[in-house]
Amino acid sequence: MARTKVALVGIGKIALDQHVPAIAASPDWELAATVSRKGTVAGVSAYTDFASFLAERPDVPVVSLCLPPVPRFDYAEAALKAGRHAMLEKPPGATLAEVHTLQALARDRGLTLYATWHSRMAHAVAPAKAWLADRAIRKVHITWREDVRKWHPGQDWVFEPGGMGVFDPGINALSILTEILPDPVHLTRARLEFPANRQTPIAAQLTFSGNVTADFDWRQEGPQTWDIDVDTDAGRLALRMGGNVLEIDGQPMAGENTIMGEYPALYARMAQLVRAGESEVDLSPMVHVADALTLGERVTTVAFDF
Ligand code: NAP
């Protein structure tokens with residue numbers, strides 16, 4: 001079967017680290033164009049202006065938007081208005097309302113809108129969900145502690161309004177939580193630590209209904225931690241490595257210690273959605289972030305510079 005042409009928009013860290021190799025290895029997709037003010041991919045026709053791309057390339061029916069959340073909406077809106085299917089990096093927008101607008105546009109035009117959550121595609125998330133489905137959950141704790149200097153070197157947008165701060169990685173944990181829990185939970189308390197010179201939090205401690213807690217911190221040097229521990233009536237489940245490894249009562253049970261399966265799985269899902277004429281937009285992880293920013297106690301901490 002012929003591969004479907006896709007354009008990558010916003011050639012930065014995640015486009016080059018994950019999207020380009022995932023598309024290159026996919027039986028479904030051909031990278032037909034890039035749109036980026038500075039970034040390019042060798043051998044692929046490059047546009048610096050999205051309007052020119054839309055006007056000149058009606059042969060490309062799908063765009064994958066890898067820009068940070070704040071600038072992304074204008075591109076997504078223009079793509080849908082030009083009749084293109086759209087795939088959104090996480091988080092799907094800077095606000096919930098703008099994603100609702102995109103959903104309505106896609107629905108009215110019969111186009112696919114896919115709000116991706118790459119961590120949901122981690123190797124052990126589906127087995128964890130299946131294991132938890134018929135168990136009573138007593139307690140959940142998320143530990144998501146990483147070094148922002150290592151993973152977002154010099155990316156000041158993460159500390160600007162709409163950049164979400166530590167929720168940029170933390171929302172990945174919340175995308176797993178909202179996928180694996182048999183029943184929904186809601187935020188009841190949050191403590192947010194804002195560097196004195198920044199607009200978004202560098203650390204957050206969250207409490208949810210259902211005895212669920214989360215510790216997000218962007219100041220962890222040395223070993224990095226992306227764990228979810230769940231106590232149930234029939235044993236302890238742990239997801240390690242951002243959802244890629246599953247342990248039951250301390251014993252490895254499923255998964256693979258690599259994140260490299262996540263983006264290929266997203267592109268396979270996008271291919272299915274386009275073929276089926278469907279959209280997939282689940283905003284539940286982002287609702288928790290919005291609630292934390294609404295309800296959270298704000299504490300000022302030492303200034304942060306890259
Ligand atoms: P990035 O490298 O800082 O930005 C991606 C590209 O977007 C930039 O190279 C830039 O390309 C373009 N861009 C940035 N600001 C723009 C603006 N105001 N207007 C137009 N274009 C702009 O960011 P990233 O780390 O790839 O993250 C992008 C998205 O992927 C975020 O939503 C992030 O949460 C998600 N993500 C990132 C990672 C990661 O490890 N970094 C992992 C998973 C998901 P040009 O300057 O060439 O136009």
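Throughout this document, residue positions are counted from 1 along each chain, in the order its sequence is written. Totals for whole chains, interfaces and linings use every residue, but because this is a predicted model, local features are given only for residues with pLDDT of at least 70 and side-chain atom pairs only at 80 or more, for both listing and counting. Think of the side-chain values as coming from all heavy atoms in the structure, minus any hydrogens and water.

Turning our attention to the packing of helix α1 (residues 13-24) against helix α8 (residues 262-276). Close contact between α1 and α8 brings their axes to 8 Å; oriented N to C, the two are set at 60 degrees. Taken as axis vectors, α1 and α8 run oblique relative to one another. The chirality of how α1 crosses α8 is right-handed. Residues Ile14, Gln18, His19, Ala22 and Ile23 of α1 form the contact with α8, whose own contacting residues are Tyr263, Pro264 and Tyr267. Just so you know the grouping, Ala, Val, Leu, Ile, Met, Phe, Trp, Tyr, Cys and Pro go in nonpolar, Asp, Glu, Lys and Arg go in charged, and all remaining residues, Gly too, go in polar. Of the residues that constitute the contact of α1 with α8, the class distribution is six nonpolar, two polar and no charged. To get an axis, a line is fitted to the C-alpha atoms, and for a helix only the part in contact is used. The angle between two axes follows their N-to-C directions and goes from 0 to 180 degrees. By the criteria applied, helices consist of DSSP H or I runs no shorter than four residues and strands consist of E runs no shorter than two, each listed in order from the N terminus. Orientation labels follow simple angle bins: below 35 degrees gives roughly parallel, above 145 gives roughly antiparallel, 65 to 115 gives roughly perpendicular, and whatever is left gives oblique. The crossing is said to be left-handed when, going from far helix to near helix, the turn is anticlockwise and less than a right angle, and right-handed when the turn is clockwise. Two residues form a contact once any of their heavy atoms are found within 4.5 Å.

Below, the discussion takes up the packing of aromatic side chains. For this analysis, a ring pair means two rings from Phe, Tyr or Trp (six-membered ring only for Trp) whose centres lie within 6.5 Å, classed as stacked if their planes differ by under 30 degrees, edge-to-face if by over 60, and tilted for the remaining angles. In the structure shown here, the tally under the stated rule is ten aromatic pairs. Ring geometry for Trp29 and Tyr267: centres 6.3 Å apart, planes at 75 degrees, overall edge-to-face. Of this pair, Trp29 sits in strand β2 (residues 29-35) while Tyr267 sits in helix α8, and the two are 238 residues apart along the sequence. Exposure class is identical for Trp29 and Tyr267. Each is buried. Buried, partly exposed and exposed residues are distinguished by accessible area as a fraction of the type maximum, computed with a 1.4 Å probe on protein chains only: under 20%, between the cut-offs, and over 50%, respectively.

What follows deals with the site of the ligand. In the vicinity of the ligand, 25 residues are found, and the nearest of them are Ser36, Arg37, Lys38, Lys90 and Asp168. What qualifies as a polar contact is a pair of N or O atoms within 3.5 Å, subject to a donor-acceptor requirement within protein and to the restriction that residues adjacent in sequence count only when both atoms come from side chains. Between Asp168 and the ligand, the recorded distance is 2.6 Å, taken from a side-chain N or O atom to an oxygen atom. Using a 1.4 Å probe, the Shrake-Rupley method yields the accessible areas, and only the shown protein chains count as cover for residues. Within the complex, the protein chains bury 83% of what would otherwise be the 880 Å² of accessible surface of the ligand. If you tally residues by element for the shell around the ligand, the top one is helix α3 (residues 69-81), at four residues. For the shell around the ligand, the residue count by class is eleven nonpolar, seven polar and seven charged. Domain borders in the structure are assigned automatically or taken from a domain database. Built from parts of two domains, the shell around the ligand gets at least three residues from each of domain 1 (4-115) and domain 2 (119-258 + 290-301). Here, proximity means that at least one heavy atom of the residue falls within 4 Å of the molecule or strand.

Take the UniProt feature "domain: Gfo/Idh/MocA-like oxidoreductase N-terminal" (unreviewed entry) in the protein chain next. Taking the numbering used here, the UniProt-annotated feature "domain: Gfo/Idh/MocA-like oxidoreductase N-terminal" (unreviewed entry) corresponds to residues 5-114. Across residues 5-114, the secondary structure splits into 42% helix and 22% strand, with the terminal C-alpha atoms separated by 16 Å. UniProt positions are given in the numbering used here, feature names are shortened, and annotations may be inferred rather than shown by experiment.

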